[in-house]
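Summary of the model geometry
Residue-level listing of the chains:
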Amino acid sequence: MKIYRKISVLAMAALVLAAGFTSCSEDQLDTNQYNKSGVNILAFGPMPITRGATMRLTGTQLNNVKEVLFPEGNQKLTPSTTYISGEFTLQSSEEMTVTIPDQCVPGKLRLVTNDGQTIESASNITFAEEIKASSITPNPIHPGEVVSIKGDYVWNIGQVVFFDHVTVDAEDFLLNTRSEIQVIVPAEAKTGDVAYNDGSDGAENISIGTLTIDEIKATGVSNPNPEFGEEITITGENLDLVTSIDFPAVADVPFQVANDGKSVRVTVPDNTVSGSVTLNSASGITTSVDIAVPLASVSSTEPVKDVKVGQTITIKGDKLDRIIHLILPAIDGAFTDFTQTATQITFVVPEGMGDGKVTLVQHENYSVESDKISMYSEAPETTIWAGNFEIGEWNAGMQDLAWGGYDWSTAQVGQVLTVYLTPNMSAGWSQIRIGNGSWAALPGTADVNPLTAEDTKFSVTLTQAMIDELVNAGGLVICGAYFTITKITLSILEEVIWSGNFALGSWAAGMDELSWGRYDWSQVSAGKTLKLYYEVDPSVGYINIRFGNGSWAALPSTQGWGSDGNASPDPSETSIKTVLTADDMDQLLNAGGLVICGAGIICKKVVLQ
């Protein structure tokens, strides 16, 4: 037990001097404590004190005080604090003496000014009689109910401290007499040690005993597999203590509690996912039940290799009729041009779709992915390494293109570096890093990139920062875990100068949109590669291709393609090219530009490399 002994008035007044100050102002910079505006409490004491004793109080403009109030002990349950007035004698404007009322209890001292303002002390009034707490009942108890602490001089208790620092001050007690105090158990309280102190600054907490406090507990749910928007009932104990309910991905969902506290009703949000529904209480204790809502899943994707624009992709799975939109690789925004059933989604591949997985969005908090799709690419590339280099668990780096193995100063911004590979998933995982000569990841690339069993290549588009790193930091090292490198390529940059859909028929028409002033050939130099991408037109039955001038005469560099410069490529081919010579440029500049003529093909794109 803590035992208080009387000491001199001046010594005790010094102890509560700092605690008695009110809020700070610019006057606080003055070293003279009494140089303050208005009524202020500077110090009071001695503390602790006995009822009926005289207390000295110092301050400023105390001549403007009309009443001194003390917290009053309550003889009956009451939800509000009451005050009792203490007799005082004004000694000067800076000092008064006050008689402590018999029914006073620990709490703040208050001065009421002549103009009706109330000045409150920072520290509590405390009392000298020794507190003897003998019991705490009932036990167990429910938050919000009243707990009684009995003993002698318990009205000197300034604060009841529940487990984990949950406190109730004396001025908030419902009953406060010499032999008993009654306190509402806070909603934040939980099972554990209950203690008290006298309310003084830095007071020691003295244990009364362990108090068992009811806690929320969920024991069941009416439907563990509910539909979105369905009302479910969660059963349990003490559910009247629930302050909020959180569904997976959706916090603070409205609910209704039954009068007996044994159940709550709540509606399943439309944007939740499967998982635990968590019930929270003010004490921080939580309880939960698990639910599984109907969520879409993917089982297969076809086709996934060499997919072309215009092809139909079919994604199969379960509950796919719940998908609201797709997100396609390299396509901005939501894609909604698809058909769906519960087991299947189909869509036609649009222009611009890139490699990657299709994201199927059910709602804002849930989506699933298709298998990885690799688009067919006509973009040319040049092989800078080929072989068979096996990498184990970060045990080796492929360094043939490092430390002088390749001239990276010839690389260009925008070129795509592609590593062709075969993952080895025997360990259950595979990773790759595109690094410099010291194995550090190139700027803008991830340190570790996971691979799947379906991956056949890994690509990065070169930036100037990457090229600078390759030139100045030892070239290219490819490292990682569990895959075999078979080829490394660099794309050949292309400038598209025409694209469309032009059928030559059987020499019926020439594609002349790059002739007679429709394209400025003066910006092209000799040495550039002129390339045509096309599709075979099976309705014609044979193939001829001529790169001609404005009069359809073959360009000089193509004379060797065949009679009159007419090429007859194999039907499996889809492109043809020539390197422009000075003589070619003379024709393009001075003889009407370029006309592509022939038979049996549909022109799709003309590029310069």
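For the structure, see preceding data.
The model shown is predicted, which means the values in this text are computed figures rather than measured ones.

It is worth spelling out the packing of aromatic side chains at this point. By the definition in use, this model includes 5 aromatic pairs. Where Trp429 meets Tyr482, the ring centres are 5.2 Å apart and the plane angle is 90°; that geometry is what we call edge-to-face. A residue pair is termed long-range when its members are at least 10 positions apart, and Trp429 in the loop between β32 (416–423) and β33 (431–435) and Tyr482 in strand β36 (residues 477–491) qualify at 53 residues. Under the relative-accessibility criterion, Trp429 is labelled partly exposed at 31%. Since its relative accessible area comes to 17%, Tyr482 is described here as buried.

This part is about empty space enclosed by the protein. By rolling a water-sized probe across the atoms, one finds the places where empty space is left. Following the criterion strictly, the structure yields 2 cavities of 30 Å³ or more and no others. In this model, the second largest cavity occupies a volume close to 50 Å³. Surrounding the second largest cavity, 11 residues form its lining, Glu72, Asn74, Thr81, Ala170 and Glu171 being those nearest its centre. Per-class residue counts for the lining of the second largest cavity are 4 nonpolar, 5 polar and 2 charged.

Moving on, we get to unusual backbone geometry. The omega torsion of the bond from Gly45 to Pro46 falls at 10°, within 30 degrees of zero and hence cis. Along the chain, Pro46 falls in the loop between β1 (40–45) and β2 (54–60). Across the junction of Glu302 and Pro303, the peptide omega takes the value -15°, indicating a cis bond. Looking at the element boundaries, Pro303 is found in the loop between β24 (297–302) and β25 (312–318). Unlike most non-glycine residues, Trp394 shows phi in positive territory, near 55°. With respect to the helices and strands, Trp394 occurs in the loop between β31 (381–393) and β32. Take Trp394: its relative accessible area is 25%, and that puts it in the partly exposed class.

Procedures and definitions
- Residues numbered from 1 in each chain as written.
- Predicted model: local features only at pLDDT ≥ 70, side-chain atom pairs only at ≥ 80, totals over all residues.
- Heavy atoms only, no water.
- Phe/Tyr/Trp six-rings, centres within 6.5 Å; stacked < 30°, edge-to-face > 60°.
- Helix = DSSP H or I, 4+ residues; strand = E, 2+ residues; numbered from the N terminus.
- Buried < 20%, exposed > 50% of the residue type's maximum accessible area, 1.4 Å probe, protein only.
- 1 Å grid on protein atoms, 1.4 Å probe; cavity = no way out; pocket = protein on both sides within 12 Å on 5 of 7 lines; lining within 4 Å.
- Points joined across faces, edges and corners; volume = space filled by probe spheres on them.
- Nonpolar A, V, L, I, M, F, W, Y, C, P; charged D, E, K, R; others polar.

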